[in-house]
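Architecture at a glance
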Amino acid sequence: MQPELFTRENIQTLRFPSTADGDYARRYLIPLMTDDPQKYIRNIHNTQLMAVKIDDVILPITITDFHPENTYTVSPYSHYVSYGGYEEVKHLNNPPVEALIKLIMNPVAWYFRYSKLDRVVFVNNYLLSTNLYPSVNSNQLSVISEALIQWFPDRSIVFRSVDQKKNPHVYQTMEGLGYDLVLSRQVWYMDPEVSLKTRQCKEDLRVLRKNGYEVVKGKDLSDDELRRAVQLYELLYLQKYSYYNPQFTFDFLKLARDEEILHLYALKKDERVNGIMGFFIRNGAMTQPLFGYDTSLPQDEGLYRLLTLVTLQEGLQRKLLVHASGGVGKFKKVRGGESVTEYNAVYTKHLPRKRQLPWKLIGAVSKAAIPYFKKMDF
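Residues numbered from 1 in each chain as written. Predicted model: local features only at pLDDT ≥ 70, side-chain atom pairs only at ≥ 80, totals over all residues. Heavy atoms only, no water.

Enumeration over the complete set of coordinates arrives at 21 aromatic pairs. A centroid spacing of 6.0 Å and a plane angle of 5 degrees characterise the contact between Tyr 265 and Phe 279, whose relative ring orientation is stacked. Pair noted here: Tyr 265 is in strand 8 (residues 263-269) and Phe 279 is in strand 9 (residues 272-282), with a separation of 14 residues, a long-range link. A relative accessible area of 8% places Tyr 265 in the buried class. By relative accessible area, which is 0% here, Phe 279 ends up buried. Directly above the aromatic system of Phe 122 lies the positively charged group of Arg 160, at a separation of 5.8 Å from the ring centroid. Sitting above the plane of the Phe 331 ring, Arg 335 keeps its charged end 3.7 Å from the centroid. (Phe/Tyr/Trp six-rings, centres within 6.5 Å; stacked < 30°, edge-to-face > 60°. Helix = DSSP H or I, 4+ residues; strand = E, 2+ residues; numbered from the N terminus. Buried < 20%, exposed > 50% of the residue type's maximum accessible area, 1.4 Å probe, protein only. Lys NZ or Arg CZ within 6 Å of the ring centre and 35° of its normal.)

Next comes the structure, spelled out in structure tokens:
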């Protein structure tokens, strides 16, 4: 059982497994590796997308070097400093505290750049906010880990999107191999059968009927409506939250529609798309990295709650657990959501001590932050 590494130069030789996950990997990875990831996600810089195959399992990996405008999905610096450090403090609405945190962050930011935090291999990285794991066993994970250390001896090895709810064996395997489990974020899981019985979801259904929105499948969306969908995503995830979120392009949405790398659903009224949602499925779960709506419309349109309702309805129909990503915790909690800590599993033991220290610092802060994150329902 020897893993194989595929790059842009030889991806066409990869024999994709005849499985749902293998077919998805083919439809997703070949265009992004053949063209250039930046064609599909604008803020990916200094990054190579590769793929590791072992048996019938394919895991995409990203090889990244520092760039100040990288999306956080390929850059620990953007994740922990640019987004998690500088930008998240804006939501505190406390100028003196914000100023103090920024003062502390400045030398930390310099140190992380100096210590090459971003010389990293991200494993199971589809360049999305959430990366669900395929059916991969502990032995396969161990062999992949050993190979990555040999292939990339000067880089940290980081398995993204590890938690103890949906993939506890991944967490346990990484911990057993000597990986450090450091905080990534708090995420929410929702069981559609439970959530749709809550009073809030029943009210959401009433709002959907009252406001007269039609739920339109992706295959029925025109190119112009896809361009509108890009704008809706940007209104929510870029303008309201952060430009360090993945900046999807029209080409990404077109690939999502034409190759079904995402199952797209739109909310449409008076011939205009005002909300968009896109999810993918893996190993009994679904998650929606594409979410957006017209934030200029009145709040009583209820677009966020309606998109969430459509998500849960699709999950119920397909008998899937919904990984509802992070954020808006109180909203998800009253609809039956369960808060779970998501980790980055980080291996640095093969690196010089000065390269290990920044991750040790992040790990130490993580231990203090996790109880606070849970208490605040982030």
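Strand order in the open sheet made by the 12 strands is 1-2-3-4-5-12-6-11-10-9-8-7, with mixed pairing throughout. Each edge of the open sheet carries a strand with a single partner, namely strand 1 (4-6) and strand 7 (214-217). The average angle at which neighbouring strand axes cross in this sheet is 30 degrees, direction not considered. In the sheet, strand 1 pairs with strand 2 (residues 47-54) via 3 bridges, with the strands oriented antiparallel. Across the sheet, residue Phe 6 finds its bridge partner in strand 2, namely Ala 51. Taken strand by strand, helix 6 (residues 168-176) contacts strand 5 (156-162), strand 6 (180-190) and strand 12 (338-347), and its axis lies near 155 degrees from that of strand 5. (Pairing = 2+ DSSP bridges. Axes fitted to C-alpha atoms, helices over the stretch in contact; angles between N-to-C directions. Contact = heavy atoms within 4.5 Å.)

Okay, the nonpolar core next. Across soluble globular proteins, nonpolar side chains have a tendency to be buried as a group. Within the largest apolar cluster, 71 residues are counted, with the highest numbers of intra-cluster contacts made by Tyr 28, Leu 29, Phe 252 and Leu 253. For this core, the leading source of residues is helix 9 (residues 223-241), giving 8 residues. Counting 30 residues, the second-largest nonpolar core is a separate cluster that includes Tyr 133, Val 170, Ala 345 and Ile 370. (Core = buried A, V, L, I, M, F, W, Y, C linked by side-chain atoms within 4.5 Å.)

The residue Ser 161 is not glycine, and still its phi comes out positive at about 55 degrees. Take Ser 161: it is sitting in strand 5. One non-glycine residue, Asn 283, lies in the positive phi region at around 55 degrees. Mapped onto the secondary structure, Asn 283 falls in the loop between strand 9 and strand 10 (285-293). With a relative accessible area of 35%, Asn 283 lands in the partly exposed category.

This brings us to the pattern of salt bridges. Side-chain pairs of opposite charge can arise whenever the charged atoms involved come near each other. All chains considered together, the criterion is met by 23 salt bridges. Between Glu 203 and Arg 206 there is a salt bridge; the shortest N-O distance is 2.6 Å. Residue Glu 203 and its partner Arg 206 are both found in helix 8 (residues 199-211); the two are separated by 3 residues, about one turn of the helix. Given the relative accessible area of 42%, Arg 206 is considered partly exposed. Taken together, the shared-partner salt bridges connect Asp 65, Arg 119, Asp 154 and Arg 155 into one network. (Salt bridge = Lys/Arg side-chain N within 4 Å of Asp/Glu carboxyl O.)

Here the focus is the environment of Tyr 111. Note on placement: Tyr 111 falls in helix 4 (residues 95-114). As a C-alpha pair, Tyr 111 and Gln 150 span 39 residues in sequence and 27 Å in three-dimensional space. Look past the residues within four positions of Tyr 111 in its chain and what remains in contact with it is Lys 354, Leu 357 and Pro 358.

What follows deals with the packing of helix 1 (residues 20-34) against helix 10 (residues 250-259). Remark: helix 1 packs on helix 10, axes separated minimally by 11 Å, with the N-to-C direction vectors making an angle of 145 degrees. Crossing geometry of helix 1 relative to helix 10 is assigned as right-handed. For the pair formed by helix 1 and helix 10, the contact residues are Arg 27, Tyr 28, Pro 31 and Leu 32 on the first element and Phe 252, Leu 255 and Glu 259 on the second. Within the contact of helix 1 with helix 10, the residues separate by chemical class into 5 nonpolar, no polar and 2 charged. (Left-handed = near helix turned anticlockwise from the far one by under 90°. Nonpolar A, V, L, I, M, F, W, Y, C, P; charged D, E, K, R; others polar.)

Here we take up the pairing of strand 9. By the criterion of burial, strand 9 is predominantly enclosed, with 9 of the 11 residues buried. Bridging between strand 8 and strand 9 involves 7 bridges; their strand directions are antiparallel. Bridge pairing in strand 9 places Tyr 265 opposite Met 277. The hairpin turn running from strand 8 into strand 9, its antiparallel successor, is 2 residues long, and Asp 270 in that turn takes a positive phi close to 55 degrees. Taken together, the 7 bridges between strand 9 and strand 10 define a ladder with antiparallel strand orientation. Residue pairing in the sheet places Arg 282 in a bridge with Ala 285 of strand 10. Between strand 9 and strand 10, which pair antiparallel one after the other, the connecting turn spans 2 residues, and Asn 283 there sits at a positive phi close to 55 degrees.

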